[in-house]
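# Coordinates in review
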Amino acid sequence: MMEWLSWSNFFYLVGLIIAGVATLVASKYRNIVKEIKDVASELQKAYEDGELSKEEKESVMKEALDVLKAVISIRFKIF
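A brief look at the structure comes next. These figures come from a predicted structure and were not determined experimentally. (Residues numbered from 1 in each chain as written. Predicted model: local features only at pLDDT ≥ 70, side-chain atom pairs only at ≥ 80, totals over all residues. Heavy atoms only, no water.)

### Quick look at the overall build of the protein chain
- Counting its regular elements, the protein chain contains three helices and zero strands.
- Ordered by position in the sequence, the α and β elements of the protein chain form the string α-α-α.
- With respect to the three principal axes, the spread of C-alpha positions in the protein chain is 65 × 40 × 10 Å.
- Here the protein chain, with 79 residues, has 14% of them falling under the buried criterion.
- Nonlocal contacts in the protein chain, meaning residues at least 24 apart in sequence, comprise 50% of its contacts between residues at least 6 apart.
- With the model as given, the accessible surface of the protein chain reaches about 6,800 Å², and the carbon-plus-sulfur share is 67%.
- Side chains of the protein chain give 11 positive and 12 negative charges; the mean places of these two sets differ by 12 Å. (Helix = DSSP H or I, 4+ residues; strand = E, 2+ residues; numbered from the N terminus. Buried < 20%, exposed > 50% of the residue type's maximum accessible area, 1.4 Å probe, protein only. Contact = heavy atoms within 4.5 Å. Areas by Shrake-Rupley, 256 points an atom, 1.4 Å probe, with all protein chains shown as cover. Lys, Arg positive; Asp, Glu negative; His and termini not counted. Charge placed at Lys NZ, Arg CZ, Asp CG, Glu CD.)

Below, the structure is given as C-alpha cells:
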C-alpha cells in the first residue's frame, strides 16, 4: 500500500486534477478563451515590426473589447 502513496503519485494526481479543471473551465468559457487567443494573435501581429501604430492599437483594443463582451455575456446573458 505504501508504494502507491508516494510524492510522485501525489503530483501526478494533482496534475490530472488541474488538467480536468482546466478542461471544464475551457469548455464552459469557450468564447472567452477564443477571444483571448484572438487578442494574443493580434498583439503578436502588431509587435512584429517592433512598434505599435495607432491602427494596431485600435485593432488590439477592439479585440480586448470583444473579450469584455464575452465575459459580460457569460455573466449576464444579455448579448
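Continuing now.
### Remarks on the environment of leucine 52
- Its place among the elements puts leucine 52 in the loop between α2 (30-46) and α3 (54-76).
- Residue class for leucine 52 comes out partly exposed when judged on its relative accessible area of 26%.
- Leaving out residues up to four positions away in the same chain, leucine 52 has contacts with Ala46, Tyr47 and Lys57.

### Notes on a nonpolar patch on the surface
- On the surface, Leu13, Ile17, Val21 and Val25 cluster together to form a nonpolar patch covering roughly 340 Å² of accessible area.
- With respect to the helices and strands, the residue leucine 13 is situated in helix α1 (residues 7-28). (Patch = residues over 30% accessible without salt bridge, like charges linked within 9 Å, V, L, I, M, F, W, Y side chains within 5 Å. Salt bridge = Lys/Arg side-chain N within 4 Å of Asp/Glu carboxyl O.)

### Quick look at α3
- Helix length check: α3, at 23 residues, gives a terminal C-alpha distance of 32 Å against a target of 33 Å (1.5 Å per residue), a fit within 8%.
- Three or more residues of α3 are buried, namely Glu56, Val60, Glu63, Val67, Ala70 and Ser73.
- Buried residues along α3 sit in contact with α2. (Expected span 1.5 Å × (residues − 1).)

### Structural notes on the packing of α2 against α3
- Packing of α2 against α3 brings their axes to within 9 Å, and their N-to-C directions diverge by 170 degrees. Between α2 and α3, the angle falls in the class roughly antiparallel. Judged by residue contacts, Asn31, Ile32, Glu35, Ile36, Asp38, Val39, Glu42, Leu43, Lys45 and Ala46 of α2 engage Glu56, Ser59, Val60, Glu63, Ala64, Asp66, Val67, Ala70, Val71 and Ile74 from α3.
- A class-by-class count of the residues in the contact of α2 with α3 yields eleven nonpolar, two polar and seven charged. (Axes fitted to C-alpha atoms, helices over the stretch in contact; angles between N-to-C directions. Parallel < 35°, antiparallel > 145°, perpendicular 65-115°, else oblique. Nonpolar A, V, L, I, M, F, W, Y, C, P; charged D, E, K, R; others polar.)

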